[in-house]
Amino acid sequence: MASFGWKRKIGEKVSKATSQQFEAEAADDKDLADDDDDADWVHAAKRRKEILLEDCVKKSKELKDEGANLAEKRRYREAIRKWDEALQLTPEDATLYEMKSQVLMSLHEMFPAVHAAEMAVQRNPRSWDAWQTLGRAQLGLGEIALAIRSFQVSLHIFPMNPEVWKEDLSWARKLHEQQKATKTEAVQALAKEKELTQESIPDYDFESDEIVAVCAAIAEKEKAVSAAKTVVIVSASGTVETVTEKENYPTTPDETLFIRAR
């Protein structure tokens, strides 16, 4: 009698392999789905940032235009406040700093004007008008040599600008020449004053023959004066008489008749 034994069905093996393959594919699909979710999130974040930047630029431009309108009406302080708000949104906008520098010069605040113009040049070194504004601010501060350099840089960027060439640079060079002339005159006046001071105290040679002769003559004269002394005598009756006393004649008139007055 044949024995009966249990055998694994071929279909079970196939079903298990298929199941494992399905599970693997499902896992891959899940990973892809997760990757897609991550990509969507990053894209959404970038898009939100772009929108935010666009809003900042748009708002900054509105504030810039408002400030420009206020500056044209000479409401300079209000214009500066508008531009400061715009700089909070777009801190790399060189035009805002350049406009702010112009207004500060109109308010005669030269130190802040130079600082604002320097910020504009730092953010946009290729801006010829930023260099022009910096030169004007430096000129207002009395830094003529620095102003000439700034105007030259502006012309190097935009050589065909007649305003910088004919007005700014020409005026700065004229002031520089006047400054040099003033310094030269001051040095010459100081040298002349020093020369006059030296001439007022001559350097005498006290051992020369002329000086010795003068000193001898003065000594002889003093000796003659001391040899003959003059005395004023007032008599009892009020008569005034001048008597010369000599060394060899020391006697005086009768004291009963005269009273010595000096």
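Residue positions are counted from 1 within each chain, in the order its sequence is given. Reporting of local features is limited, given that this is a predicted model, to residues whose pLDDT is at least 70; pairs of side-chain atoms are given and counted only at 80 or more, and all residues count toward the totals for whole chains, interfaces and linings. Calculated side-chain values reflect all of the structure's heavy atoms, with hydrogen atoms and water omitted.

The next point concerns the packing of aromatic side chains. Aromatic ring pairs are reported here in terms of the distance separating the ring centres and the angle at which the planes meet. A pair of aromatic rings is counted whenever rings of Phe, Tyr or Trp (Trp by its six-membered ring) have centres within 6.5 Å, and the orientation is called stacked for planes under 30 degrees apart, edge-to-face for over 60 and tilted otherwise. Inspection of the entire model under this criterion finds one aromatic pair. On the numbers, 5.3 Å between centres and 50° between planes, the contact of Trp128 with Phe158 is tilted. One end of the pair, Trp128, is in helix α5 (residues 128-140); the other, Phe158, is in the loop between α6 (144-157) and α7 (162-200), with 30 residues separating them in the sequence. Numbering of helices and strands runs from the N terminus, with a helix taken as a DSSP run of H or I at least four residues long and a strand as a DSSP run of E at least two residues long.

It is worth spelling out unusual backbone geometry at this point. Phi at Arg74 takes a positive value of approximately 65°, unusual for a residue other than glycine. The topology assignment puts Arg74 in the loop between α1 (10-72) and α2 (76-89). The backbone of His108 sits at a positive phi, close to 60°, despite the residue not being glycine. With respect to the helices, strands and loops of the structure, His108 is situated in the loop between α3 (94-106) and α4 (110-123).

Attention now moves to the nonpolar core. Put simply, buried Ala, Val, Leu, Ile, Met, Phe, Trp, Tyr and Cys residues joined by side-chain atoms within 4.5 Å make one nonpolar core. Think of it in three bands: residues with accessible area under 20% of the maximum for their type are buried, residues over 50% are exposed, and the middle band is partly exposed, with areas taken using a 1.4 Å probe on protein chains only. The biggest cluster of nonpolar side chains holds 29 residues, and the ones touching the most others in it are Trp83, Val103 and Leu134. Only α1, α2, α3, α4 and α5 provide two or more residues apiece to this core. The contact partners of Trp83, leaving out residues within four places of it in the chain, are Leu63, Lys64, Gly67, Ala68, Ala71, Leu96, Met99, Lys100 and Val103. Among the nonpolar cores identified, the runner-up in size contains ten residues, and Ala147, Ile148, Val164 and Leu175 belong to it. Contacts were defined at the residue level, with two residues in contact if any of their heavy atoms lie within 4.5 Å.

For Gln132, the position within the fold is in helix α5. Gln132 gets classed as buried once you look at its relative accessible area, which sits at 6%.

What follows deals with the UniProt feature "repeat: TPR" (unreviewed entry) in the chain. When the UniProt feature table is mapped onto this chain numbering, "repeat: TPR" (unreviewed entry) sits at residues 60-93 and 128-161. Between the first and last C-alpha atoms of residues 60-93 the distance is 9 Å; the span itself is 79% helix and 0% strand. With 79% helix and 0% strand, residues 128-161 has its two end C-alpha atoms placed 9 Å apart. UniProt positions are given in the numbering used here, feature names are shortened, and annotations may be inferred rather than shown by experiment.

Residue pairs spaced three or four apart in an α-helix point in one direction, given the helix's 3.6 residues per turn. Each residue after the first adds 1.5 Å to the expected span of a helix. When the terminal C-alpha atoms of α5 are compared, their 19 Å separation across 13 residues agrees well with the 18 Å that a helix rising 1.5 Å per residue should span. All of the buried residues along α5 are Ala130, Trp131, Gln132, Thr133, Leu134, Gly135, Ala137, Gln138 and Leu139.

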